[in-house]
There are 2 protein chains.
Amino acid sequence: MSDSYDGQAGHFRVLVEHFSAFVSLSILETKLLAELAEAPRYHPPYRDLYVAGTAPPPSRMIVAGWACQYRLLPDGHRQIVSLKLPGDLVWPLLPVRLPSSCAVAALTELETVSALPLVEASVAADPAHPGLAHAVRVMAHLHDMLLYDQIVRLGRQTACGRFAHLMLELRERLSRVGLVDGDSFAMPLTQDVLADVLGFSVVHVNRTVQQLRRDGLLEIRNGTVTLSKPDDLQELAGWMPPSGGPAGPRPPKRPGRKD
Amino acid sequence: MSDSYDGQAGHFRVLVEHFSAFVSLSILETKLLAELAEAPRYHPPYRDLYVAGTAPPPSRMIVAGWACQYRLLPDGHRQIVSLKLPGDLVWPLLPVRLPSSCAVAALTELETVSALPLVEASVAADPAHPGLAHAVRVMAHLHDMLLYDQIVRLGRQTACGRFAHLMLELRERLSRVGLVDGDSFAMPLTQDVLADVLGFSVVHVNRTVQQLRRDGLLEIRNGTVTLSKPDDLQELAGWMPPSGGPAGPRPPKRPGRKD
DNA sequence: CGCGGTGTTGACAACAGTCAATTACTGTGG
DNA sequence: CCACAGTAATTGACTGTTGTCAACACCGCG
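Owing to the predicted nature of the structure, the values given are computational and were not obtained by experimental measurement. (Residues numbered from 1 in each chain as written. Chains lettered and ligands numbered in written order. Predicted model: local features only at pLDDT ≥ 70, side-chain atom pairs only at ≥ 80, totals over all residues. Heavy atoms only, no water.)

A tally of regular secondary structure across chain A gives eight helices and eleven strands. Across the 259 residues of chain A, 53% fall into the buried class. For chain A, contacts bridging at least 24 residues in sequence account for 70% of all contacts bridging at least 6. (Helix = DSSP H or I, 4+ residues; strand = E, 2+ residues; numbered from the N terminus. Buried < 20%, exposed > 50% of the residue type's maximum accessible area, 1.4 Å probe, protein only. Contact = heavy atoms within 4.5 Å.)

In structure tokens form, the structure reads like this:
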């Protein structure tokens, strides 16, 4: 596993850190997370965790490794809809069972724990676990925000902007579970996978990385990303701080619309 | 208003048809919808209905007209994240109040009714309105599916494929509320708006429409779309029937973007 | 040492954005 | 009835971006 792997203690740490990023947990709630962390399940890399329509969606939370939610097109192309990081729910939707053409696959060796008690506490607004219940709702909401980000990246950003924006998103999300060290973090993705996330060809992913490297904006070595000039990257990516509002005063009016 | 406008009776019809597409309604539930339809609110075209962070998100359902959920970029570009049609919730997320950089704007003259009782019934799993409660959850789920579709369109489809896919999605959604007549439906969108949905420039939208027209696949006149060859469009768009599974046997794996 | 997966590069062609101009289409007022 | 203005649609010329193809380099592994 990646450097985040240090057994069940590490799994517990991921859970606590992720939830604490949104709410403060009671002793009781912390205890529940500890219990969940005691029964991790292993998933081999590159294998599907779930294919929509084949079974009820799994209520599991990732505690180590990366996964992705993707769709295959009739022409054989793949589009990755979202990346799943430690602390994320494997299947982010509330337990409505509906067919859909999405699947979830492990991108690395993966470990998950049951999130059933968490999801149930959330839909029932369980008063015994108010923090967990709320946090799960916030996470579902956040997942939708990430989809919006993904749509904006694919629809309206330049190659470098797309890449930069994704790296900033990953740093943001990984920092919530304590997997960012300064301006560096581990990113176990091949350029092939990045292409399917960003809607590029592999070659163009490579070109884009070279460009960003040449400009001294970031460095990628040995599966570790270093954001050398985070501020310039934010500028390039049109990054908006996760808390909402625009990053700064918006330039008057471009070739664009409204005003 | 568009041809869908025939007053409160029409609003009631839209609500009933949309819900009936997912569940069967009890008398009590039908009555609730009728009450809601009695108090429509009017929104002028091109005006924002909601800007994230400014207030709690509105629990309203569209009964006539079209709207869109969009984001503005620092460079002035706009990306429309999703289109909102009659029967859709203006703000599709469960009532977790979180800042986000999305806004919702009317694209035409618009009428909405309160959806607060519906959303509340859904989160509380109100036993008095089981159908409504479930249908709202399904709609939220469907909204996520639409986001996945949008991501796949933007990430992996050709210009014509994107356009065709969007038209098929619109037909699908409009048919649930009885706004499709054979292979035609009203689409009150300028090419400018379509560009912001599809991630194109206006000029390229036009080129794409011309192409599809030349190929005899569809026709657009007076704000009315006619899908002349629905089957060919589905082929072109890599369309998967809304119920899930792939449209047909997947060719092994084509390296090419298309033939 | 060969092998498969991954990263890298260059050449070329197809695709898509920008600019700029022209053509409908509408509703207005004369 | 027509002139007019304003919006939307359309077209052509040109440029920049991105995909495809085809090598080659690098690396861990058997």
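The next subject is the side chain of Asp144 of chain A. Relative to the helices and strands, Asp144 of chain A resides in helix α4 (residues 130-156). At 8.3 Å, Lys84 of chain B is the nearest oppositely charged side chain to Asp144 of chain A, a buried residue that forms no salt bridge. Not counting the four nearest positions on each side in its chain, Asp144 of chain A is found in contact with Leu93, His143, Asp144 and Leu147 of chain B. (Lys, Arg positive; Asp, Glu negative; His and termini not counted. Salt bridge = Lys/Arg side-chain N within 4 Å of Asp/Glu carboxyl O.)

Right, let's get into the sheet that holds strand β5 (residues 78-84) of chain A. Read across the sheet, four strands follow the order β2-β6-β4-β5 (chain A) without closing on themselves; strand pairing throughout is antiparallel. For this open sheet the edge positions go to β2 (48-51) and β5 of chain A, each flanked by a neighbour on one side alone. Here the average twist between neighbouring strands, direction ignored, is 25°. On the sheet, helix α4 (residues 130-156) of chain B packs against β4 (67-72) and β5 of chain A and is oriented at approximately 125° with respect to β5 of chain A. (Pairing = 2+ DSSP bridges. Axes fitted to C-alpha atoms, helices over the stretch in contact; angles between N-to-C directions.)

What follows deals with helix α1 (residues 7-20) of chain B. If you check α1 of chain B, its first and last C-alpha atoms are 20 Å apart, about what 14 residues at 1.5 Å a residue would give, namely 20 Å. For α1 of chain B, the elements touching its buried residues are α2 (27-37), β3 (60-64), β7 (110-114), α3 (116-123) and α4 of chain B. (Expected span 1.5 Å × (residues − 1).)

Compared with the 24 Å implied by 1.5 Å per residue over 17 residues, the 24 Å span of helix α5 (residues 159-175) of chain B between its first and last C-alpha is a close match. Of all 17 residues in α5 of chain B, 14 are buried; the element is thus mostly enclosed.

Right, let's get into the environment of Met187 of chain A. Structurally, Met187 of chain A can be placed in the loop between β9 (184-186) and α6 (191-198). By relative accessible area, which is 3% here, Met187 of chain A ends up buried.

So, on to the pattern of salt bridges. Per the stated rule, a full pass over the model turns up 22 salt bridges over all chains. For Arg156 of chain B, the salt bridge goes to Asp196 of chain A, with nearest N and O atoms at 2.7 Å. You can see Arg156 of chain B sitting in helix α4 and its partner Asp196 of chain A sitting in helix α6, one on each of two chains. According to the relative accessible area criterion, Arg156 of chain B is buried, its value standing at 6%. Owing to a relative accessible area of 11%, Asp196 of chain A belongs among the buried residues under this scheme. Measuring nitrogen to oxygen at the nearest pair gives 2.8 Å for the salt bridge that ties Asp196 of chain B to Arg78 of chain B. With a gap of 118 residues between them, Asp196 of chain B in helix α6 (residues 191-198) and Arg78 of chain B in strand β5 (residues 78-84) connect regions that are remote in the sequence. Where salt bridges share partners, they join Asp88, Arg153, Glu169 and Arg173 of chain A into one cluster.

Next up on the list: the confidence of the model for chain A. Taken over all residues, the pLDDT of chain A has a mean of 89, while the share at 70 or more is 88%. pLDDT under 50 marks residues 244-259 of chain A. Its contacts with residues more than four places away, or in other chains, come to 20 contacts. (pLDDT = per-residue confidence, 0-100.)

Across all of its chains, the model carries two aromatic pairs over all chains by this definition. One cation-aromatic arrangement involves Arg78 of chain B over Tyr70 of chain B; the distance from NZ or CZ to the ring centre is 6.0 Å. (Phe/Tyr/Trp six-rings, centres within 6.5 Å; stacked < 30°, edge-to-face > 60°. Lys NZ or Arg CZ within 6 Å of the ring centre and 35° of its normal.)

Time to look at the sheet that holds strand β1 (residues 41-43) of chain B. Residues and elements named next belong to chain B. Spatially, the three strands line up as an open sheet ordered β1-β7-β3, and their pairing is antiparallel. Two strands close off the open sheet at either side, each with one partner strand: β1 and β3. Neighbour-to-neighbour, the strand axes of the sheet open up by a mean angle of 40°, direction not taken into account. Looking at chain direction, β1 and β7 are connected through three bridges and run antiparallel. Bridged to Arg41 within β7 is Thr112. On top of the sheet, α1 reaches β3 and β7; it is set at about 115° to β3, its chief contact.

On to the environment of Met167 of chain A, then. Residue and element names in this part refer to chain A. Looking at where Met167 falls in the secondary structure, it is placed in helix α5 (residues 159-175). Look at Met167 and you get buried, because its relative accessible area is 0%. As a C-alpha pair, Met167 and Ala237 span 70 residues in sequence and 9.6 Å in three-dimensional space. Once residues lying within four places of it in the same chain are set aside, the contact partners of Met167 are Phe185, Met187, Leu194, Leu218, Val225 and Leu227.

Residues and elements named next belong to chain A. Inspection of the secondary structure puts Arg176 in the loop between α5 and β8 (180-181). The exposure class assigned to Arg176 is buried, which follows from its relative accessible area of 19%. The spatial distance from the C-alpha of Arg176 to the C-alpha of Val14 is 8.8 Å, given a sequence separation of 162 residues. In contact with Arg176, other than residues within four places in its own chain, are Glu17, His18, Ala21, Phe22 and Leu142.

This part covers the state of the cysteines. Within the structure shown, the criterion is met by zero disulfides over all chains. In this structure Cys68 of chain A is a free cysteine whose sulfur lies 9.7 Å from that of Cys102 of chain A, the closest cysteine sulfur available. (Disulfide = S-S within 2.5 Å.)

The topology assignment puts Gln150 of chain B in helix α4. In this structure Gln150 of chain B touches Ile151 of chain A together with Gln79, Ile80, Val81 and Val197 of chain B, once residues within four positions along its chain are discounted.

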